[in-house]
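Residue-level structural notes
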Amino acid sequence: MPEPASAVALTVNGALVTVERGTTVAAALLMAGVATRTSVYGEPRAPLCGMGICFECRVTIDGVSHQRSCQILCEPGMHVTAPATESTNNAEGRQSSHREA
Ligand code: FES
């Protein structure tokens, strides 16, 4: 089935995500259930302010790190990587919400 003209397809940590045009990257991450950061104890963190102040939503977009995902709209073909998952993926490639002891 073809996507509606208002849909935007991008990848989040390598997984295809489709959102409505005008959706921020932060919203796409939340819809995909992806944490943007982890606390010092390994707990998942997510966008907090939604207006560019807290920097909790930083991700890598198309190879450019530390982009505030709440300030950027999804674009077709965009590749988004959340730093939280770069260090917490387990051997099977699944995201872990807690660090192993
Ligand atoms: S959610 Fe606070 S800067 Fe993006």
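Position numbers for residues start from 1 in each chain and track the written sequence from start to end. Per-residue local features are limited, in this predicted model, to residues with pLDDT of at least 70; the limit for side-chain atom pairs, both in listing and counting, is 80 or more; totals at the level of whole chains, interfaces and linings are taken over all residues.

1. Points about the sheet that holds strand S2 (residues 15-20)
Formally: Whether two strands pair depends on DSSP finding at least two bridges between them. Going along the chain from the N terminus, every DSSP run of H or I of four or more residues is numbered as a helix, and every run of E of two or more is numbered as a strand. In this description, a line fitted to the C-alpha atoms serves as the axis of each element, helices being fitted only across the stretch in contact, and the angle between N-to-C directions of two axes falls anywhere from 0 to 180 degrees. We call two residues in contact when the distance between their C-beta atoms, placed using the backbone, is within 7 Å.
Ordered in space as S2-S1-S7-S5-S6, the 5 strands form an open sheet in which the pairing is mixed. Here the strands that pair on one side only, and so sit at the sheet edges, are S2 and strand S6 (64-68). Averaged over all pairs of adjacent strands, the angle between strand axes in this sheet comes to 40°, irrespective of strand direction. Of the strands in this sheet, strand S1 (7-12), S2, strand S5 (58-61) and strand S7 (79-81) touch helix H1 (residues 25-32), which is tilted by about 120° from S2.

2. Points about unusual backbone geometry
Positive phi, close to 55°, is recorded for asparagine 13, a residue that is not glycine. Within the secondary structure layout, asparagine 13 lies in the loop between S1 and S2. Of note, phenylalanine 55 is a non-glycine position whose phi angle comes to about 65°, a positive value.

3. Some points on the nonpolar core
Note the following rule: A set of buried residues drawn from Ala, Val, Leu, Ile, Met, Phe, Trp, Tyr and Cys, joined through C-beta atoms within 7 Å, is what defines a nonpolar core. With C-beta atoms placed from the backbone, a residue is labelled by how many other C-beta atoms lie within 10 Å of its own: buried for 20 or more, exposed for 12 or fewer, partly exposed between the two.
Of all hydrophobic cores here, the largest spans 17 residues; its most connected members are Val12, Val25, Ala28, Leu29 and Val80. Contributing elements (two or more residues each) for this core: S1, S2, H1 and S5. Take this core: its biggest share by element is 4 residues, from H1. Here alanine 28 is in contact with Leu10, Val12, Val17, Val19, Thr23 and Cys74, once residues within four sequence places are set aside.

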